[in-house]
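Okay, here's what each chain looks like letter by letter:
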Amino acid sequence: MPGGPAASGEGIGASAPKSKLAGIAMTAFAAFGGILFGYDTGTISGIIQMDDWLRTFGVRTSDTTTYPLGFYLPSSRESLVVSILSAGTFFGALFGAPVADIMGRRLGIMASCLVFCLGVALQTGAHNLATFVVGRVFAGLGVGLVSTLIPMYQSECSPKWIRGAVVSGYQWAITIGLLLAAVLNNATKDRQNHSAWQIPISIQFIWAFILCTGMFWLPESPRWLIKKGRDAAAAKSLSRLTSLDPHDPEVETELNDIRAALKEEQELGESSYLDCFKFTHNKICLRTLSGIFIQAWQQLTGINFIFYYGTNFFTNAGIKNPFLITIATNIVNVFMTLPGMWGIEHFGRRSLLLWGAAVMCICEYLVAIIGVTISVHNTAGQKGLIALVCIYIAAFASTWGPIAWVVVGEIFPLNVRAKAMSLSVASNWLWNFGIGYATPYLVNTGPGNAGLGAKVFFIWGSTCLGCLVFTYFCIPETKGLSLEQVDLLYQNSTPITSAKYRRELVAQDVHIADIKGVPETRHDDKASTEKV
């Protein structure tokens, strides 16, 4: 997602040796915010199955045959507890745009951590369902802000020759958070007091503290500083990211490209959310809708069914030790993200999205067919079911998991980037909420439920087919381009013809400043004293 302002060779620091890792390390650290996202998402799946949590927040029942504990969680409460986080993240993602534009990307991330901590505190100390749910909402607000601000920060600060891999690191951190949640849930699940669920929840204070403290030392986005007219501060920030002198010609070239692209957008006037849907030569409407729908399709792959309700699903499918199976699927998720981080800069965004959708589609149809044709006592069938789920997760982790975030970080012009990104990420969380809320009613048995069970994978398989069609017609190939070059790509090609035009841009070493002209440099007095 992060990309250099220069349209030449390697992006930010194109002339700097690629061995200079300072800028990469700084922007890669921001990916740590993905752990907040992943851990908070993953921890609830196991917590709602813990004995003490059910006794505290569940409903008493006399049906001890079905519910040996004497307590159970009705579908309505299960939907509320799991999906309410996504409701909070939806609004957090929308608030991400004004926060990013007013406070800046870096300070916005730090403020998000404080909001997140408030939610964690409420959940940890809750002794009634209302307090727990309110805590989930505040935690969701923090996660929603982070999920908009971090990909934006990375997109604007990392070198384009490794931008995809750096931003994919955000998704990798999400998978690590999911794995850590599964491990800690498994470690505390047998405790018969409040610590069983309070420990996994309160651990989140540590992740927020690490992210907030680390961001204090990182530079602000040079693109945001240019947008605010603080050119000297932008040069200093860019010099830290490239390990070059602030007056180096390469730094000035990159700043000129940012100014040129920003000038063209600002000539159209101050942007609003409506501007994200304007039909212009820059195809802003197509880009906004592409960002919104790629995040929606990512959720509609059905991946969060596994991570939200995997423990329940594996239990109902007759699999013993569902907590351990959940850990296994999370390990697959973590380690298969690594090939995706490598492949995104070698095979490109578009081709991996197409292949990933195809593999997931096949696996999910097979899971559905096997799930409805075998007995829960068929050991071989159950092992086959687990294997197919793992292949499906591997396909997601190496393609749609990281690449959806990469795409939304690099397809928007600077003037509407914060707003368009917030709409895209809000779309992710809106569908996350909808799927999280509806799934118990779809898969559970009993009055008021559809009782689909494994048949729900017929739905996910069909949506993955939709992912493939959407990618073919709507997502261009942007590998190796600066964020400003992506503007030229949209202006002069279509998603289907984008691969050929991208090769021309790279081969001809096109600078947007050479095409649009270089605006006058602005100087800010406070840049010399500001810490970037």
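Residues numbered from 1 in each chain as written. Predicted model: local features only at pLDDT ≥ 70, side-chain atom pairs only at ≥ 80, totals over all residues. Heavy atoms only, no water.

Trainee: I'm lost on the nonpolar core in this one. Help?
Mentor: Grouped burial of nonpolar side chains is what soluble globular proteins tend to show. Grouped together as the largest cluster of nonpolar side chains are 124 residues, with contacts concentrated most on Trp 53, Phe 132, Ile 294 and Trp 400. Per element, the largest residue contribution to this core is twelve residues, and it comes from helix α6 (residues 129-157). Sequence-distant contacts of Trp 53, defined by excluding residues within four places in its chain, comprise Ile 47, Ile 48, Gly 58, Leu 73, Val 81, Phe 132 and Trp 197. Judged by nonpolar contacts, the second largest core, of 13 residues, contains Leu 225, Val 251, Ile 258 and Leu 414. (Core = buried A, V, L, I, M, F, W, Y, C linked by side-chain atoms within 4.5 Å. Buried < 20%, exposed > 50% of the residue type's maximum accessible area, 1.4 Å probe, protein only. Helix = DSSP H or I, 4+ residues; strand = E, 2+ residues; numbered from the N terminus. Contact = heavy atoms within 4.5 Å.)

Trainee: Help me out: how do you make sense of the side chain of Ser 398 in this one?
Mentor: Here Ser 398 is to be found in helix α17 (residues 379-398). Given the relative accessible area of 13%, Ser 398 is considered buried. Ignoring any residue separated from it by four or fewer positions in sequence, one finds Ser 398 in contact with Met 336, Gly 340 and Leu 352.

Trainee: Mind showing me how you'd approach the state of the cysteines here?
Mentor: Note: disulfide means a covalent bond formed between the sulfur atoms of two cysteine side chains. Counting across every chain of the model gives zero disulfides. The thiol of Cys 361 is unpaired, and the distance to the nearest cysteine sulfur, on Cys 464, comes to 6.2 Å. Since its relative accessible area comes to 10%, Cys 361 is described here as buried. Cys 467 takes part in no disulfide bond, and the closest cysteine sulfur to it belongs to Cys 464, at a distance of 5.0 Å. You can call Cys 467 buried: its relative accessible area is 0%. (Disulfide = S-S within 2.5 Å.)

Trainee: It is not clear to me how the packing of helix α2 (residues 33-47) against helix α9 (residues 204-216) should be interpreted in this structure. Could you clarify?
Mentor: Packed helices, taken two at a time, are described by the angle between their axes plus the distance between the axes. At a minimum axis separation of 9 Å, α2 and α9 run at an interaxial angle of 160°. Here α2 is positioned roughly antiparallel relative to α9, judged by the angle of their axes. In this structure, the crossing between α2 and α9 has a hand that is left-handed. Here Gly 33, Ile 35, Leu 36, Tyr 39 and Asp 40 of α2 lie close against α9, whose contacting residues are Gln 204, Trp 207, Ala 208 and Leu 211. (Axes fitted to C-alpha atoms, helices over the stretch in contact; angles between N-to-C directions. Parallel < 35°, antiparallel > 145°, perpendicular 65-115°, else oblique. Left-handed = near helix turned anticlockwise from the far one by under 90°.)

Trainee: Just checking my understanding: could you explain a nonpolar patch on the surface for this structure?
Mentor: Nonpolar side chains collect at one region of the surface, where Ile 362, Leu 366, Ile 369, Val 372 and Phe 458 lie side by side and expose about 410 Å² of accessible area between them. With four residues, the single largest contributor to the nonpolar patch is helix α16 (residues 349-373). On the secondary structure map, Ile 369 appears in helix α16. (Patch = residues over 30% accessible without salt bridge, like charges linked within 9 Å, V, L, I, M, F, W, Y side chains within 5 Å. Areas by Shrake-Rupley, 256 points an atom, 1.4 Å probe, with all protein chains shown as cover. Salt bridge = Lys/Arg side-chain N within 4 Å of Asp/Glu carboxyl O.)

Trainee: How should the pattern of salt bridges be read in this particular structure?
Mentor: Side chains that differ in charge, positive against negative, can pair when their charged atoms come close. One pass over the structure, following the stated rule, counts twelve salt bridges. With a closest N to O distance of 3.6 Å, Asp 101 and Lys 227 form a salt bridge. Placement of the pair is Asp 101 in helix α4 (residues 75-102) and Lys 227 in helix α10 (residues 222-227), with a sequence separation of 126 residues. On the basis of relative accessible area, Asp 101 is assigned to the buried category, the value being 11%. In this structure, Arg 349 engages Glu 345 in a salt bridge whose closest nitrogen and oxygen atoms are separated by 3.3 Å. Here the two residues Arg 349 and Glu 345 agree in accessibility, since each one is buried. The network of salt bridges with common partners includes Asp 101, Arg 105, Glu 156, Lys 227, Arg 417 and Lys 419.

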